[in-house]
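Spelled out, the chains give:
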Amino acid sequence: MKKTICAFLICMMSMLGCSAKKTEDPRMNAYETYYHAVEDNVKYVSQSTHFHYSTEMTDLPDGTHRYYIVIDEPQHAMYQCAVLAVENEEPFAAAKKMMPSMGILDDPVSMIPNQVNIDKGFVKGIALSGESSEASVKIRMLVEWKDRTAKNTTREFLEFRIPAETGEEVPAPEEGTVNE
């Protein structure tokens, strides 16, 4: 009888522990939603007509690699930017680490041509970084922003490799922009 009661209590405690882990965190839900948007998207571009981006890969002493993605030079006002970069088409369910993001788990920022005011959230650019055990990483990135009125949202899906491989065939720029 004591064994049955102990087993029952252990089951109840483990169920309570599992339910405690499933608390609703709106930022984590947003992260998952953006991640699935990258997973489910089928059209990507290699360059944007809305902003410039650059990449860099550096070697770390432990044999791993750190990559950097910098988004800057907006061609028009981009308010409440949200960015997520997914490495090597890693499915959300299999991801063992958080992917580089900005404006999803932290406060969104805005980029306006020739204007910088950090106190008001107007930045010159957005920098993301991540670590990889591989010397080359395929990135699928979602960049989302709103217009000045926050009524229209634009999403752009980019795909590129860090470091860039020469001769990669990529789709035309206009295919990856989605206005909602």
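Parameters and conventions
- Residues numbered from 1 in each chain as written.
- Predicted model: local features only at pLDDT ≥ 70, side-chain atom pairs only at ≥ 80, totals over all residues.
- Heavy atoms only, no water.
- Buried < 20%, exposed > 50% of the residue type's maximum accessible area, 1.4 Å probe, protein only.
- Helix = DSSP H or I, 4+ residues; strand = E, 2+ residues; numbered from the N terminus.
- Pairing = 2+ DSSP bridges.
- Phe/Tyr/Trp six-rings, centres within 6.5 Å; stacked < 30°, edge-to-face > 60°.
- Axes fitted to C-alpha atoms, helices over the stretch in contact; angles between N-to-C directions.
- Core = buried A, V, L, I, M, F, W, Y, C linked by side-chain atoms within 4.5 Å.
- Contact = heavy atoms within 4.5 Å.
- Polar contact = N/O pair within 3.5 Å; in protein donor to acceptor, adjacent residues only side chain to side chain.

### Digging into the pairing of strand S8 (residues 153–162)
And step 1. Among the 10 residues in S8, 8 count as buried, and that is most of the element.
And step 2. In this sheet, S8 lies alongside strand S7 (residues 137–146) in antiparallel orientation, the contact comprising 10 bridges. Paired with Trp145 across the strands is Thr154, a residue of S8.
And step 3. Counted along the chain from S7 to the antiparallel partner S8, the turn is 6 residues long, and its residue Ala150 has a positive phi close to 65°.

### As for the packing of aromatic side chains
And step 1. All chains considered together, the criterion is met by 7 aromatic pairs.
And step 2. Centre to centre, the rings of Tyr44 and Phe157 are 6.1 Å apart; their planes meet at 90°, and the pair counts as edge-to-face. Of this pair, Tyr44 sits in the loop between helix H2 (26–40) and strand S1 (52–59) while Phe157 sits in strand S8, and the two are 113 residues apart along the sequence.
And step 3. Aromatic ring contacts, followed pair by pair, group Tyr31, Tyr35 and Phe92 into a single cluster.

### Comments concerning the sheet that holds S1
And step 1. Taking strand neighbours across the sheet as the criterion, the 3 strands line up as S1-S2-S6 in an open arrangement whose pairing is antiparallel. In this open sheet, the two strands that pair with only one neighbour each are S1 and strand S6 (125–132). The sheet shows a mean angle of 15° between the axes of neighbouring strands, direction not considered.

### A word on the nonpolar core
And step 1. Among the nonpolar cores identified, the biggest contains 25 residues, and Ile69, Ile71, Ile126, Ile139, Met141 and Val143 are the most heavily contacted of them.
And step 2. Filtering out sequence-adjacent residues up to four positions away, Ile69 remains in contact with Ser54, Thr55, Ala85, Ile126, Ala127, Leu128, Ile139, Met141, Phe160 and Ile162.
And step 3. Among the nonpolar cores identified, the runner-up in size contains 13 residues, and Ala37, Val86, Ile104 and Leu142 belong to it.

### Describing the side chain of Glu144
And step 1. Along the chain, Glu144 falls in strand S7.
And step 2. A distance of 2.7 Å separates a polar atom in the side chain of Glu144 from a polar atom in the side chain of Arg155.
And step 3. Discounting chain neighbours no more than four positions away, the residues touching Glu144 are Tyr34, Gln80, Cys81, Ala82, Thr153, Thr154 and Arg155.

### So, the pairing of strand S3 (residues 78–87)
Each regular strand shows side chains that alternate between the opposite faces of the sheet.
And step 1. By the criterion of burial, S3 is predominantly enclosed, with 9 of the 10 residues buried.
And step 2. Here 7 bridges tie S3 to S7, and the two strands are oriented antiparallel to one another. Residue pairing in the sheet places Ala82 in a bridge with Glu144 of S7.
And step 3. Pairing of S3 with strand S4 (residues 101–102), which is carried by 2 bridges, proceeds in the antiparallel orientation. Pairing of Leu84 across the sheet is with Ser101, part of S4.

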